[in-house]
Amino acid sequence: MDRRIFLKGSAAAGAAACLGAWPDRDAFAQARAETLRVVAEGRPNSLDPHGTGVSPASLGTFSNVYDRLIQFDRREVSAGLYRYDYARFTGELAQAWEESDEGRSLVFHLRPDATFHDGAPVTAEDVRWSLARGVSLPASKNQLATGSLKDAAQFEVVDAHTLRIRFDRKDRLTLPNLALTFASVINSALVKSHATEADPWGAEWLRSNEAGSGAYRVETWNPSQQVVYSRFDGWKGGALPYLKRAIVQVVPAASSRVATLRKGDADIALQLPPRDIDAIAGDKAVKVVSLPVTNSFRFVAFNTRQKPFDDVRVRQAIAYALPYKDLLEGAVFGHGTPLYGAKSRVPAEASFPQAFPYDTDLDKARALLAEAGLGSGFETTFSYNVADATIADPIALLVQEALGKLGVKVTIEKVAEAQWGALLTQRKVPFYVEASSAWFNDPDYFFRIFFQGDWRWNFGNFQDEELDELVNAARWETDHARYDEAIRKAIGIVFDKVPIVLLWLPSFEAALQPRLDGFTYYIHGQVDFRTLRSA
């Protein structure tokens, strides 16, 4: 046999073998187009939407596998690219809802034909039990309480498909909370069948089993490698999604995620460092999406109750000493929105986060340290979580160099990821870099999470009575002008007392195959399969 003919024949046979299940090329192409492949660094670690210690990737799982009564609507920000709309809601399991008694009662009418993945009907009792579970388990109860969802007795079954929730007073954060994954509706009978006396909410079983009614069901759960989802054709929470399957694979190396995407073996690559995003930005074979994440921020924090950071002049000195532009370029290649350099100490608007009135000014920094009696400097540590090293390491080096110019000797401390959270909670880290997000954009919500309370998220361990009074007043204020006035005063206090130093708003960035349309950025930064189409 002619060798060229043999090779040609072998190649054809190989292709046929590869396409064995798809003898028709058009059918194969169609099947490939209906299957989504996502490569990501993070992996889900739980199927329980009320679980403790769930990873960010799990939030994407919850969104696709479970329904809520309502969900955030979305708006198009550029051709084929959407972001969730925090101020508008659409029904998911609820086909309608109304409020009465001046907002102290919300009644939800369920879709009568909705079922869970095992075929059981979704009833008002399932919703009641799920919300009661949410306000009882520690990982979800604090968040739901921010929307006045805090007592199982609030949830009343009116009939099989009608649920009422009662409140002491109307709360503008109730509906946003009901749109979060913490308010997912669970197949109560299925979970109860696996509950025990020691585990009445079935948390152990639900960690690795799903009990949802969402648009996708879990076909294969191997979270350290990949999770395979298949479309639930009986879904009633919205229009039937285009994609029939979705495969989310864990690929730790960013370079491998990029290579897989470029070869066409993946459709979406997540968690790409700014350097890799820049490298592929001009590649016509991929599409890069980038959106500012307005509810997240990168910052430097102090323990404001520990010397020398208990002196506001020291905190202000450091705020003037930081090399902001070098930090933004050196750590994230400029991929972020600056939160420094405001021209006035009067807040520009009643929103948060916003730019702080600090920029690099070493003369002011030296003067403030001298006023604090530390003109010759001091010694301290500057810490970061090693899991955040890609961004935090260059920040630490630049902070060390900048403060060295003031005589401040900084020792960089790299903390293992497993210890980081505990050390922050125990207030054992005096000076460090971190990033965080709030679920909602309301300024008073930000302040209650990040500048009040004896918990980890009050990163500066900050306490200020005047700020507390302003924020607590804003919490229930319904007059917009009075709300804005209170928030502006609160922001002014934070500007002056600097419990943390804001650096920048990060960007959500991902790379996609250009044929994908309908990508929606949600609060959790994961992929919502339901809205995607392949051209």
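Please read these numbers as outputs of a predicted model, since none were measured by experiment.

Colleague: For this particular structure, what's the right way to read the overall build of the protein chain?
Modeller: If you tally the helices and strands in the protein chain, you get 18 helices and 21 strands. Dimensions of the protein chain along its principal axes, counting C-alpha atoms only, are 85 × 75 × 45 Å. Burial status across the protein chain gives 53% buried among its 535 residues. Pairs at least 24 residues apart make up 70% of the contacts formed inside the protein chain by residues separated by at least 6 positions.

Colleague: Just to check I follow, could you spell out the packing of helix α16 (residues 443-450) against helix α17 (residues 465-475) for this structure?
Modeller: A packed helix pair is summarised by two numbers, namely the angle formed by the two axes and the spacing between the axes. Between α16 and α17, the shortest axis-to-axis distance is 9 Å and the interhelical angle comes to 135 degrees. Put simply, α16 runs oblique to α17. The two elements α16 and α17 meet at a crossing, and its hand is left-handed. Where α16 abuts α17, its residues D444, F447 and R448 lie against L467, V471, A474 and R475. Residues that form the contact of α16 with α17 fall into these classes: four nonpolar, no polar and three charged.

Colleague: What am I meant to see in unusual backbone geometry here?
Modeller: Most peptide bonds take the trans form, and the phi angle of most residues other than glycine is negative. Here the amide bond leading from K307 into P308 is cis, since omega sits at 0 degrees, within 30 degrees of zero. Here P308 shows up in the loop between β13 (296-302) and α11 (312-321). With an omega dihedral of 0 degrees, the bond running from F352 to P353 counts as a cis peptide bond. If you trace the backbone, P353 turns up in the loop between β14 (336-338) and α13 (362-371). With a phi close to 55 degrees, Q271 is a non-glycine residue in the positive phi region. When you line up the elements, Q271 lands in the loop between β11 (268-269) and α10 (274-280). Owing to a relative accessible area of 29%, Q271 belongs among the partly exposed residues under this scheme. Within the chain, R427 stands out as a residue other than glycine whose phi angle is a positive 60 degrees. Relative to the assigned elements, R427 resides in the loop between α15 (417-425) and β17 (431-437). Overall, R427 belongs to the buried group, its relative accessible area being 15%.

Colleague: Got a minute to help me understand the side chain of S184 in this structure?
Modeller: By secondary structure assignment, the location of S184 is in the loop between α6 (174-178) and α7 (188-192). Polar contacts involving the side chain of S184 include one to the main-chain carbonyl oxygen of T181, which spans 2.6 Å. Not counting chain neighbours up to four residues away, the residues in contact with S184 comprise P49, H50, Y66, D67, R68 and S130.

Colleague: Whenever I open this one, the environment of P121 confuses me. Can you help?
Modeller: Summarising the element assignment, P121 is placed in the loop between β5 (105-110) and α4 (124-134). Between the alpha carbons of P121 and H161 there is a distance of 10.0 Å; along the sequence they are 40 residues apart. Beyond its immediate stretch of four places on either side in the chain, P121 contacts A114, T115, F116 and D126.

Colleague: Can you walk me through the pairing of strand β1 (residues 35-40) in this structure?
Modeller: Successive residues of a regular strand alternate their side chains across the two faces of the sheet. Across the six residues that make up β1, a large majority, five, are buried. Pairing analysis gives two bridges linking β1 to β11, with the strands arranged parallel. In the sheet register, V38 faces β11, and the bridge partner there is I268.

Colleague: How do you make sense of the pattern of salt bridges when you look at a structure like this?
Modeller: Overall, the coordinates contain 32 salt bridges when judged by the stated rule. R128 is paired through a salt bridge with E125; the nearest N and O atoms lie 2.9 Å apart. Taken together, the residues R128 and E125, both in helix α4 and three residues apart, mark about one turn of the helix. Its salt-bridge partner being E204, residue R207 comes within 2.9 Å of it at the nearest N-O pair. Its relative accessible area of 52% is what places E204 among the exposed residues. Put simply, R68, E92, D528 and R530 are held in one network by salt bridges that share partners.

Colleague: Even after reading the chapter, I still don't get the sheet that holds strand β3 (residues 81-91), so can you show me in this structure?
Modeller: Within a beta sheet, neighbouring strands are joined by backbone hydrogen bonds and run either parallel or antiparallel to one another. The strand order across the open sheet formed by three strands is β2-β3-β20, and the pairing between neighbours is mixed. Both edges of this open sheet fall to β2 (70-78) and β20 (519-521), since each of them pairs with a single strand only. Geometrically, the sheet is characterised by an average inter-axis angle of 50 degrees between neighbouring strands, direction not taken into account. Where β3 and β20 come together, three bridges link them in parallel fashion.

Colleague: Any chance you could explain the nonpolar core here in plain terms?
Modeller: Soluble, globular proteins show a tendency: their nonpolar side chains are buried together. Core analysis: the largest hydrophobic core is formed by 151 residues, its most contacted members being L36, I268 and F447. Considering every element that reaches this core, the biggest residue donor is strand β18 (residues 500-512), with nine residues. The residues touching F447, leaving out its near neighbours within four places in the chain, are F352, Q452, L467, V471, A490, I491 and V494.

What counts and how
- Residues numbered from 1 in each chain as written.
- Predicted model: local features only at pLDDT ≥ 70, side-chain atom pairs only at ≥ 80, totals over all residues.
- Heavy atoms only, no water.
- Helix = DSSP H or I, 4+ residues; strand = E, 2+ residues; numbered from the N terminus.
- Buried < 20%, exposed > 50% of the residue type's maximum accessible area, 1.4 Å probe, protein only.
- Contact = heavy atoms within 4.5 Å.
- Axes fitted to C-alpha atoms, helices over the stretch in contact; angles between N-to-C directions.
- Parallel < 35°, antiparallel > 145°, perpendicular 65-115°, else oblique.
- Left-handed = near helix turned anticlockwise from the far one by under 90°.
- Nonpolar A, V, L, I, M, F, W, Y, C, P; charged D, E, K, R; others polar.
- Polar contact = N/O pair within 3.5 Å; in protein donor to acceptor, adjacent residues only side chain to side chain.
- Pairing = 2+ DSSP bridges.
- Salt bridge = Lys/Arg side-chain N within 4 Å of Asp/Glu carboxyl O.
- Core = buried A, V, L, I, M, F, W, Y, C linked by side-chain atoms within 4.5 Å.

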